[in-house]
Each structure stands twice: as C-alpha cells, then as structure tokens.
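# Structural features, examined
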Amino acid sequence: MAAHKNIERNTVLQGDSIELMRSLPDCSVDLVFADPPYNLQLKGDLRRPNNSLVDAVDDAWDQFSSFRAYDDFSRAWLTEAHRVLKPDGGLWVIGSYHNIYRVGAVLQDVGFWILNDIVWRKTNPMPNFRGRRFTNAHETLLWCSKGPEARYSFNYDALKVANDDLQMRSDWVIPICSGGERLKGEDGHKAHPTQKPEALLHRILIATSAPGDLVLDPFFGSGTTGAVARRLGRDYLGLERESRYIDAARERIARVTPLAPEDRQIVTPRRQEPRVPFGAVVEAGLLSPGQMVFDARRRFMAKIRADGSLIAADVKGSIHKVGAELQGAPSCNGWTFWHFDVEGRSVPIDVLRQKLRAELN
C-alpha cells in the first residue's frame, strides 16, 4: 500500500490497523497510545453468583488461535508503530496479565526502550465471581521511547504539580470507566466492552505530549484517546476496524468542547523558560544601582552597581559569585540567596526575575 504524503488529522480511518499504519509516512506521529486486543482466552460464559451473565469480552477481534499468532500480530503492529513514530516520540501500550508480558518482549525486540511500567490500580474492579483467584484489580501500561538513546517528552513539573508537589509515582489509582462516561448503545448495553477512563488518557497526554502533537491510536475503539486529545488541544488519528465503534467514537468526540489555549497550558520547567540576567532586572528599574540586598538572615549585605554586579567590601562580581565568596561556598544561587525590602518584608530577588519572564512570555 502506498504511503500517504500527508496525514489527515483528527479523523478515524476504518480498516485493519496494521495495513493502515503501513500507509503512514515514516516518523510522522508524536505519540502512540495503543490498547490492543488482550487475547483473554475466555472459555465459555462467565456468570455471577446469581447466575446472571457477565458482559465479558468475547468478540472475534480479541480471539487468536495461539500465542504464536498473537505474538506475530503484536510484532506486526509494533514494527509499524516504531517506524511511524518520530525520533523523540513515545509509545504507550496497555494490557493485562494475559498479554502485557508477551507484548513487552516483542516491543523490546523491535527496538523500543521501556522507560516505565505503570500500574493502573482500579478503585472499582470487577470481582472474581468464582472465588478461585485474587480479584484482578490492575492493568499495566508500558511507556517507551524509540530506543535506548532516544530523546522523549516528559512534562515532569506538570505531573508533580498535579500530584500536590510530589513526584508522580508509577502506581496510578483511577476508577474504571462507569456512570455517565460509559458509552451505551440504544439497547442499553456497553457500546464497547473495554472503554478506558478519560482520566487515564488525560494523565498520559499531559505527561508526554504538547498541544498540537499528533497522537496515533491504532485500536481506537470508543474514541477515548480522541475525546481527550480534542479537549487538551492535541490532534489525533484513530484506526479502527469495527464501524459500530467508529460511529460511537465520532459522536462522542463531536460533543467535546476544546479547552481555550490559555486553559490547556501547563507548568513550564525552569530550564525551558527565557533566560533573564540580573542586569535586566536593574535595566528595567525593578532594583536600582546603589540599593542594598541581603541574605534571608541578614548576615551579608551587598550593594547593586549599574551593570548589575554586586559589591560587598572587597568582593565584587555577579549575584552568584558574590554570594558564594561571602559564604566561602563553591557555588551559590544568587536569585534565591539575595533578598530586598518590600514594605519591611524580606523578598527574594527571584520574584523580579519571574515578573520579567511573565512579560517575555
């Protein structure tokens, strides 16, 4: 199949996901989120203690003749995912104990590098009705770069802020899809048996993508990836074989209201913010030549000079050099070390840098 010269964004293509991926150009997508068939290997009906039938996954698309057939399928789609992913892109794949270990081995074989395995712990899992095993209360996500030396996107600071200023851990406690979020057909049954919660995709897209990125979902299903991407200002491309899922996904996504550009912004890491030298603070008149600055405990004092340097007794130089020499330290972050008076309060000079950065942005 000939490769498309241009990818139509924010659409769903119908057909076999592997064949459709083969039509995409090399290095053309920023992120892949894949929720492939799990190969659940269910034998017969699953019933509750009251003998009612559990709405389990028994569709043909989840059935494979053998483990080898499933491995071949995994190798085919992961090979194409690796090809279409940009050099600094990322791959997410989700699965259960039925398939994730086999998928993990194959994705390493085709060149992906595992960055994290994430445990999605469900707050409301389906119980083990037969009482012969532990309740299966989690699924596993593998987050990968294109190779061991590949660059990748990770919005660490945004995730930390979202987690009350603590590092985001690799165990995520998120409810399964239920209530009003669960899509249902006219008959009242689930529109898709394995619909993922939007909260899960929200965290993934915030963590590893940026507005305008193209997110490929090769097993689009009910369109969770597309709905969250549209809300957060990302573009999506869905691949799906079943027309009934495509119809449900398109209707769902059409109801989503995208966030305003200012509302989808996230915390920017300081290393990505515009550089502001201390001299710019003086030039802007936020501090004046001749004004005194001091450390938080007022042990040391220095005078600001016209070029943005400081002088304290016989020590002169940058805010960092003077702070370090006065303390007898090898280095010093002058922005947080030096303070100035605001109506009797001691305020770090870093607030003035942030003021200038906000104006630059």
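Residues numbered from 1 in each chain as written. Predicted model: local features only at pLDDT ≥ 70, side-chain atom pairs only at ≥ 80, totals over all residues. Heavy atoms only, no water.

## Remarks on the packing of aromatic side chains
We apply this condition: Pairing of aromatic rings covers Phe, Tyr and the six-membered ring of Trp, with a centre-to-centre limit of 6.5 Å; geometry is then stacked below 30 degrees between planes, edge-to-face above 60, and tilted otherwise. Strands are runs of DSSP state E lasting at least two residues, helices are runs of H or I lasting at least four, and both sets are numbered from the N terminus onward. Each residue is assigned to one of three classes by its accessible area relative to the maximum for its type, calculated with a 1.4 Å probe on protein chains only: buried under 20%, partly exposed between the two thresholds, exposed over 50%.
Enumeration according to the criterion identifies twelve aromatic pairs in this entry. Ring plane angle 15 degrees and centroid distance 5.7 Å describe the contact between W92 and W143, whose orientation is recorded as stacked. You can see W92 sitting in strand β3 (residues 85–95) and its partner W143 sitting in strand β5 (residues 138–145), a full 51 residues away along the chain. Accessibility classification places W92 together with W143 in one group, the buried group.

## Observations regarding the pattern of salt bridges
Convention followed: For salt bridges, the criterion is a side-chain nitrogen of Lys or Arg within 4 Å of an Asp or Glu carboxyl oxygen.
One pass over the full model with this rule turns up 19 salt bridges. Close ionic contact of R9 with D235 constitutes a salt bridge, the shortest N to O distance being 2.8 Å. A residue pair is termed long-range when its members are at least 10 positions apart, and R9 in the segment before β1 (11–14) and D235 in strand β8 (residues 235–240) qualify at 226 residues. When its relative accessible area of 34% is taken as the criterion, R9 is described as partly exposed. R169 is paired through a salt bridge with D171; the nearest N and O atoms lie 2.9 Å apart. Note on R169: relative accessible area 56%, which makes it exposed.

## Brief notes about the environment of L183
Going by this rule: The contact rule is simple, with two residues in contact once any of their heavy atoms fall within 4.5 Å.
Mapped onto the elements of the fold, L183 is located in the loop between β6 (171–173) and α5 (198–208). Placed 65 residues apart in sequence, L183 and A248 show a C-alpha to C-alpha distance of 7.8 Å. When residues no more than four places from it in sequence are discounted, the contact partners of L183 are H189, K190, A191, Q195, S222, A248, R252 and R255.

## Thoughts on a negative patch on the surface
Definition in use: Nonpolar side chains (Val, Leu, Ile, Met, Phe, Trp, Tyr) within 5 Å and like charges within 9 Å form the patches, drawn only from residues with over 30% relative accessible area and no salt bridge. What sets the accessible areas is the Shrake-Rupley method with a 1.4 Å probe; for residues, cover comes only from the shown protein chains. Asp and Glu are treated as the negative residues and Lys and Arg as the positive ones, with His and the ends of the chain left uncounted. Taken as the charge centre is NZ of Lys, CZ of Arg, CG of Asp or CD of Glu, depending on the residue.
A surface patch of negative charge is lined by E186, D187, D247 and E251. Along the chain, the position of D247 falls in helix α7 (residues 243–254).

## Here we look at the domain arrangement of the protein chain
One frequent convention defines the size of an interface as the accessible area lost when the parts assemble. Cut-off, in case you're wondering: Domain borders in the structure are assigned automatically or taken from a domain database.
Segmentation of the protein chain into domains returns domain 1 (11–264) and domain 2 (278–360). Once you take the C-alpha centre of each, domain 1 and domain 2 turn out to be 50 Å apart.

## Thoughts on unusual backbone geometry
We note that A313 has phi near 55 degrees; this positive angle belongs to a residue other than glycine. Topologically, A313 is positioned in the loop between β11 (310–312) and β12 (315–317). Even without glycine at this site, E343 takes up a positive phi of about 50 degrees. With respect to the helices and strands, the residue E343 is situated in the loop between β13 (339–342) and β14 (345–348). Among the residues examined, E343 registers a relative accessible area of 81% and is labelled exposed.

## With respect to the nonpolar core
Where we set the bar: Throughout this description, the term nonpolar core refers to a set of buried Ala, Val, Leu, Ile, Met, Phe, Trp, Tyr and Cys residues connected via side-chain atoms within 4.5 Å.
Counting residues in hydrophobic clusters, the biggest one holds 31 residues, and the most contacted among them are W92, L141, L200, I204 and L205. Sorting the residues of this core by element identifies β2 (29–34), β3, β4 (113–121), β5, α4 (156–162), α5, α6 (224–232) and α7 as the ones contributing at least two each. Here the element with the most residues in this core is α5; it accounts for six residues. Counting 29 residues, the second-largest nonpolar core is a separate cluster that includes I18, V106, L237 and L239.

## Let's talk about the sheet that holds β3
The condition is simple: The criterion for strand pairing is that DSSP finds at least two bridges linking the strands in question. Interaxial angles span 0 to 180 degrees and are taken between N-to-C directions of axes, which are lines fitted to C-alpha atoms, for helices over the stretch in contact.
Read from one edge to the other, the open sheet built from eight strands follows the order β1-β8-β7-β2-β3-β5-β4-β6, with strand pairing classed as mixed. A single partner strand is all that each edge strand has here, and the edge strands are β1 and β6. Between one strand and the next, the sheet's axes are offset by a mean angle of 20 degrees, whatever the strand orientation. Helix-sheet contacts for α5 involve β2, β3, β4, β5, β6 and β7 (214–217), and the interaxial angle to β2 is about 155 degrees.

## Details of the pairing of β3
Burial analysis of β3 places eight of its eleven residues in the buried class, which makes it a mostly covered element. Where β3 meets β5, six bridges bridge the pair, whose relative direction is antiparallel. Counted as the bridge partner of I94 is L141 from β5.

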